[in-house]
Amino acid sequence: MSSSSTRKHASTSAAKQPEIPEPSFSERARTLVYVGRIGSLSTVSRKQPGFPFGSVMPYGLDTRGRPIFLISTMAMHTQNLEADPRASLLVTQPDASGDPLGASRVTLVGNVFTVPKPEIADARKLYLDCYANSRYWVDFEDFSFYRMDVVDVYYVGGFGVMGWVQASDYDQAQPDPLADHAAGIIEHMNADHKDALVLLSRTFAGIESQEAAMTSIDRLGFHVRLKTRDGMKGARVAFLREVINPGEARKALVEMVQKARTEH
């Protein structure tokens, strides 16, 4: 079980609060890149030297969390990369339109090169598994697979939660085991169990609220956005034990609701 070393903007009260276990920044960054699959690639412009050039960029992800791109030599970003491989990839939390600055995002900084020939078959498979329609142009002469070798990572988990992640830590981290199911769990809890979220927030986070909405969930707990008499607040609630799949998460939530009800 690990916890992140979160840093708060000009916050003194945060240090007085007990730490709630949650995945490390490296795990959270790796998870976000895993579920994102579309980012903003910034390359160094050839036309305007020294200026960044941004492009919408779908990507696949290899076992080390390195983004794989299928791009054409006719594209401006590819021409930029051929002249200077330095780039960054910004990936943001899906469905964050309601509060984009409060959402998670991660920036991968690295060098982008063509995938070596012996590894092209693997790159092709993982990319087409993500983007089946790419089979219509994957064999065009001007298209090639490129891969970012990550040299640094910057993670932002929301307001005041941010920090650099070493590339080696990102490389060794794994996506959260609930990553593929988190959206469904959140939707279900917010649609059918709003009262339970209010109860859990009161019992395990110590915050009274009129409304509560789950905003994220992972193997160690979940975050909620709360409507209180003093305005909107955010809180994290830890599971009573670590979970590794949706079934265990459901059991943990049911157990916590039962415990909360006996205490009130």
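All values derive from a computational prediction rather than experimental measurement.

Q: Please clarify how the overall build of the protein should be interpreted in this entry.
A: Summing up its helical and strand segments, the protein has seven helices and eleven strands in all. A burial count over the protein gives 43% of its 264 residues as buried. Within the protein, counting contacts between residues at least 6 apart in sequence, those at least 24 apart form 59% of the total. Surface exposure of the protein reaches about 14,600 Å², of which carbon and sulfur atoms provide 53%. Side chains of the protein give 30 positive and 31 negative charges; the mean places of these two sets differ by 3 Å.

Q: Just checking my understanding: could you explain the nonpolar core for this structure?
A: Nonpolar side chains in soluble globular proteins tend to end up buried together. Grouped together as the largest cluster of nonpolar side chains are 27 residues, with contacts concentrated most on Leu-197, Met-214, Ile-217, Phe-222 and Phe-239. Those elements that provide at least two residues to this core are helix 5 (182-192), helix 6 (194-204), strand 9 (211-218), strand 10 (221-228), strand 11 (231-238) and helix 7 (246-263). If you tally residues by element for this core, the top one is helix 7, at six residues. Ranked by size, the runner-up nonpolar core spans 26 residues in total, among them Leu-41, Tyr-59, Leu-108 and Val-153.

Q: Quick question: what am I supposed to make of the pairing of strand 10 here?
A: The side chains of a regular strand alternate between the sheet's two faces. Where strand 9 lies against strand 10, seven bridges are found, and the strand directions are antiparallel. Across the sheet, the residue bridging to Glu-211 is Lys-227, located in strand 10. Where strand 9 folds back onto strand 10 in an antiparallel hairpin, the turn is made up of two residues. Inspection of the sheet shows strand 10 paired to strand 11 by eight bridges, in the antiparallel sense.

Rules behind the numbers
Residues numbered from 1 in each chain as written. Predicted model: local features only at pLDDT ≥ 70, side-chain atom pairs only at ≥ 80, totals over all residues. Heavy atoms only, no water. Helix = DSSP H or I, 4+ residues; strand = E, 2+ residues; numbered from the N terminus. Buried < 20%, exposed > 50% of the residue type's maximum accessible area, 1.4 Å probe, protein only. Contact = heavy atoms within 4.5 Å. Areas by Shrake-Rupley, 256 points an atom, 1.4 Å probe, with all protein chains shown as cover. Lys, Arg positive; Asp, Glu negative; His and termini not counted. Charge placed at Lys NZ, Arg CZ, Asp CG, Glu CD. Core = buried A, V, L, I, M, F, W, Y, C linked by side-chain atoms within 4.5 Å. Pairing = 2+ DSSP bridges.

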